[in-house]
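Residue-level listing of the chains:
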Amino acid sequence: MSKYLFKISFYSLLSFSCIILGYLISEKEFDHTIKYRLDRSIIANSKTTKEHQLLSKKSLASSIELLIEDKNIEKLNDQRNFAFDIGPYYSNLPDFTGYIKGKMVVNNDTMKIKLRLKGLFSDHYRDPLKCSYKIKILDGGSFLGMKKFAIQHPRTRSYMNEWYLHKLLNYINNIYLRYDFVNVTINGRSSGIYAIEENMDKNLIENNKLKDGPIFRFNLSGEGPVFYHDLSPYNKKSIKSDSNLLKQYKHAKKVLYEFRNGTKKTSEVFDNKKMAKAYALCDLLGHHHATHPHNLKFYYNPTTGLIEPIIYDNQLIIPIENEGLLGNLKSVEAPIKNNGNIQFKNDPFSERLFNDSAFFISYIHYLIEYTDNDWLSEFFKKTNEEAQNKKQIIWKSYPEYDFNKKSVLFKNQKTIKEILSTYILPEIKNSSIIAQKDKKFISIRNKNKLPIELISVSINGNEITNCCYLLQPNFINELPKYQTIEIKDELNTIVPTCFQKNNCPNADVEIKYRYLGIKDIKTANYSLKINFKEIQSPL
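Here we summarise the structure given alongside this text. These figures come from a predicted structure and were not determined experimentally.

Here's the deal with the overall build of the protein chain
Moving on, step 1. In terms of helices and strands, the protein chain carries 14 helices and 20 strands.
Moving on, step 2. Put simply, the protein chain has 539 residues, and 49% of those count as buried.
Moving on, step 3. Taking as baseline every contact in the protein chain between residues at least 6 positions apart, the subset at least 24 positions apart corresponds to 68%.
Moving on, step 4. Accessible surface, the protein chain: about 27200 Å² in total, of which carbon and sulfur atoms supply 51%.

Some words on unusual backbone geometry
Moving on, step 1. Its identity is not glycine, yet Tyr159 carries a phi of approximately 55°, on the positive side.
Moving on, step 2. Mapped onto the fold, Tyr159 is located in the loop between strand 5 (148–152) and helix 5 (160–171).
Moving on, step 3. Of note, the phi angle at Asn460 is positive, near 50°, even though the residue is not glycine.
Moving on, step 4. Position of Asn460 relative to the elements: it lies in the loop between strand 15 (452–459) and strand 16 (462–463).

Regarding the pattern of salt bridges
Moving on, step 1. With the rule as written, the count across this model stands at 19 salt bridges.
Moving on, step 2. Here Lys148 makes a salt bridge to Asp201, at a shortest N to O gap of 3.9 Å. Linking Lys148 in strand 5 with Asp201 in the loop between strand 7 (189–198) and helix 6 (202–207), this pair joins segments that are 53 residues apart in sequence.
Moving on, step 3. The shortest N-O distance in the salt bridge between Lys167 and Glu386 comes to 3.1 Å. Placement of Lys167 in helix 5 and of Glu386 in helix 13 (residues 373–394) is noted, with a sequence separation of 219 residues between them.
Moving on, step 4. Because the salt bridges share partners, they merge into one network encompassing Arg157, Glu197 and Asp313.

Some remarks on the sheet that holds strand 6 (residues 179–186)
Moving on, step 1. Around the barrel, 7 strands lie side by side as 1-2-3-4-5-7-6; this closed barrel has mixed pairing. The sheet shows a mean angle of 40° between the axes of neighbouring strands, taken without regard to direction.
Moving on, step 2. The pairing of strand 3 (residues 109–117) with strand 4 (residues 133–137) spans 5 bridges and is antiparallel. The partner of Leu117 across the bridge, within strand 4, is Tyr133.
Moving on, step 3. Against the sheet, helix 4 (residues 70–86) makes contact with strand 2 (100–106), strand 3 and strand 4, and its axis sits at roughly 25° relative to strand 3, the strand it touches most.

Let's talk about a nonpolar patch on the surface
Moving on, step 1. The grouping of Tyr89, Leu120 and Phe121 at the surface amounts to a nonpolar patch, some 280 Å² of accessible area in total.
Moving on, step 2. Looking at the secondary structure, you find Phe121 in the loop between strand 3 and strand 4.

Examining the nonpolar core
Moving on, step 1. In terms of nonpolar packing, the biggest core is built from 99 residues, with Phe270, Tyr279, Ile307, Phe349 and Tyr363 touching the most fellow members.
Moving on, step 2. It is helix 10 (residues 272–285) that provides the largest number of residues to this core, a total of 9 residues.
Moving on, step 3. Excluding residues that lie within four positions of it along the chain, Tyr279 makes contacts with Thr291, Leu296, Leu326, Phe349, Ser350, Leu353, Phe354, Phe359 and Tyr363.
Moving on, step 4. One finds Tyr125, Cys131, Ile137 and Tyr194 within the second-largest nonpolar core, a separate group that totals 30 residues.

Structural notes on the environment of Tyr370
Moving on, step 1. Note that Tyr370 resides in helix 12 (residues 357–370).
Moving on, step 2. Note: C-alpha distance between Tyr370 and Ala280 (90 residues apart in sequence) is 7.7 Å.
Moving on, step 3. Those residues in contact with Tyr370 that sit more than four places away from it in its chain are Ile172, Lys277, Ala280, Leu281, Leu284, Trp375 and Gln413.

Points about the packing of aromatic side chains
Moving on, step 1. Across all of its chains, the model carries 39 aromatic pairs by this definition.
Moving on, step 2. Between Phe227 and Phe349, the aromatic rings sit 5.6 Å apart at their centres with planes inclined by 65°, giving edge-to-face as the arrangement. A residue pair is termed long-range when its members are at least 10 positions apart, and Phe227 in the loop between strand 8 (215–218) and strand 9 (231–233) and Phe349 in helix 11 (residues 348–354) qualify at 122 residues. Phe349 matches Phe227 in its accessibility class, with the two residues each being buried.

The rules we used
- Residues numbered from 1 in each chain as written.
- Predicted model: local features only at pLDDT ≥ 70, side-chain atom pairs only at ≥ 80, totals over all residues.
- Heavy atoms only, no water.
- Helix = DSSP H or I, 4+ residues; strand = E, 2+ residues; numbered from the N terminus.
- Buried < 20%, exposed > 50% of the residue type's maximum accessible area, 1.4 Å probe, protein only.
- Contact = heavy atoms within 4.5 Å.
- Areas by Shrake-Rupley, 256 points an atom, 1.4 Å probe, with all protein chains shown as cover.
- Salt bridge = Lys/Arg side-chain N within 4 Å of Asp/Glu carboxyl O.
- Pairing = 2+ DSSP bridges.
- Axes fitted to C-alpha atoms, helices over the stretch in contact; angles between N-to-C directions.
- Patch = residues over 30% accessible without salt bridge, like charges linked within 9 Å, V, L, I, M, F, W, Y side chains within 5 Å.
- Core = buried A, V, L, I, M, F, W, Y, C linked by side-chain atoms within 4.5 Å.
- Phe/Tyr/Trp six-rings, centres within 6.5 Å; stacked < 30°, edge-to-face > 60°.

Put into C-alpha cells, the structure is as follows:
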C-alpha cells in the first residue's frame, strides 16, 4: 500500500512540475529561453560576474519613474495580450488601444506622458515585468534631449551592440539616434536597467545638426515588396501644419517614386555618400537588418535636396561570411523596363540602389576606408572610456554580460579586404575566338559575385577595346551571360586568316580588369584557338 501511495505521490509531483515548467516555457511568461535563465544562474557567482558587480558601483545611471494608474496598467496588459493574439503588426489594427496617459518623474520633476506597448515580436513583451514601451513627453518636456523615445530590455538590441552602431554612425557623420541605458521604476517597483532609444522626431534631426525636414518610411501595410508600398510620414500633424515641411515631403515622395519607377538614379535622389556609408558600415558589422526596406527610415534634407538614411535596429555583430556583402550579386547599370522593374535577385530596393554605378563605386570606396587597419582601432580608442561607463551601468542589472564582439569586427575587416582582392578569372566562351565570315568575336563572362570593369582586351599585342565594359556578376541558377566584343580586323592583322583552319596558331589574349570601384588592375592571359564554326552572330 505504501509503495502504491508513493507512486501516486511521485507521478502527481512529476505532473505538477511539468505543468509549472510548461507555464514558464509559455511565450507570455518565459524570459527569452530556459538556457538564458540557466546560464544566468550558473554564472551568477562567477568571478567575472562579481567583478562586474563591484565595477557597476562606479557609474551612475540616469533614472526615470513611470507613474501609471491601475486602469491604464490594465490597458497595457490588454495590449500585451492583444499582441500575443494578433502577432507582429498588432499596433496597426484599429482594435489596438494605442497610447495611454501617465506621468514620468525625473529628479523630482514630474512630466505628463503618453505611452504604449512597442515591439513587433514577443521578445519585447514576453516578460511581463520588462515590457518595451514607446513614450511621448507632453507639454514641452524632454529627457536627455528627447521628447519621443522607447525603453526596452537591453537584450532586445543586444546590449552594447546597438550602442556601438550609433557611435559608429556618428563617427562616419551619418544620422544617429541617442541610445543609452537608464534605470527604470514603474509605480514604485524597480524594473532595473532599460535601454532607451530615440524615436523619429524633430529633436533627432536637430541633435544631428541638420535642418528640420520630414522623416518618413515605407508603409508596412499592403501586399508585395515593401519597396512598392506608399510612404508614411512621421509627425503627420507637424507636416500638415507647416507649408514648408509639406512641400518638402511631397517633393521627397515624388523623387522617391521616380527612383522606384526607374526614371531617377540613386545619386539623383539620395545622398550618395551617406547611403553608401550606411551600407558599407552594415557590411562591417556583418548584419543587414537595418537596410531592409521595412526597417529603413528616411530624412529629406531641405539643404541638399536629397534623402538620407536613418539606420537603427541592427543589433547583431556577426561574421560577414554569414550574410555576405550587400553589394554581392547586384546588377549595375542594368536596363530598367517600362514598368519600373528590373530582374530582382535580392530585395528590390537594394537592387535599385546598386544599379547606379556612382552609388556602387561610393559603396566600395567606404568598404575600403572602413577596413583600413587603423580605422577601427582609432574608433575603439576614442570611445573606450564612454563604453566602459555604459557597460558598468548595464552590469547593475546584468553583471553576467560583457561585450565580446571586437574580434568579430576586426575579422570582418580582414575578410572584406580578402573579398575585394580575390578574383575568379574571367571566362572566355568556348576558350576561343569566333571567326564567322568576315567578322571575329570574343565573348567574356564574369564569374565573381561583384561586377567587373573590363579595362582592355588585347590580342597578339593589339588592343581591341576602348575602356570600359561592365561585366555583371555571376548570378546563381541562371544561364551564363557573356559580354561579346567584336574584333575590328578588316586587314586580318590582329587575327591572321588561316588557309588551313585546322592548323591555325593560337592567339595570345590579355585581359585587364578590376572590380568596379577598385583602383588596382588585374591581368589575365590566355592562349585561344580560332573557332571557324558556322554559328549565328551574337550581335
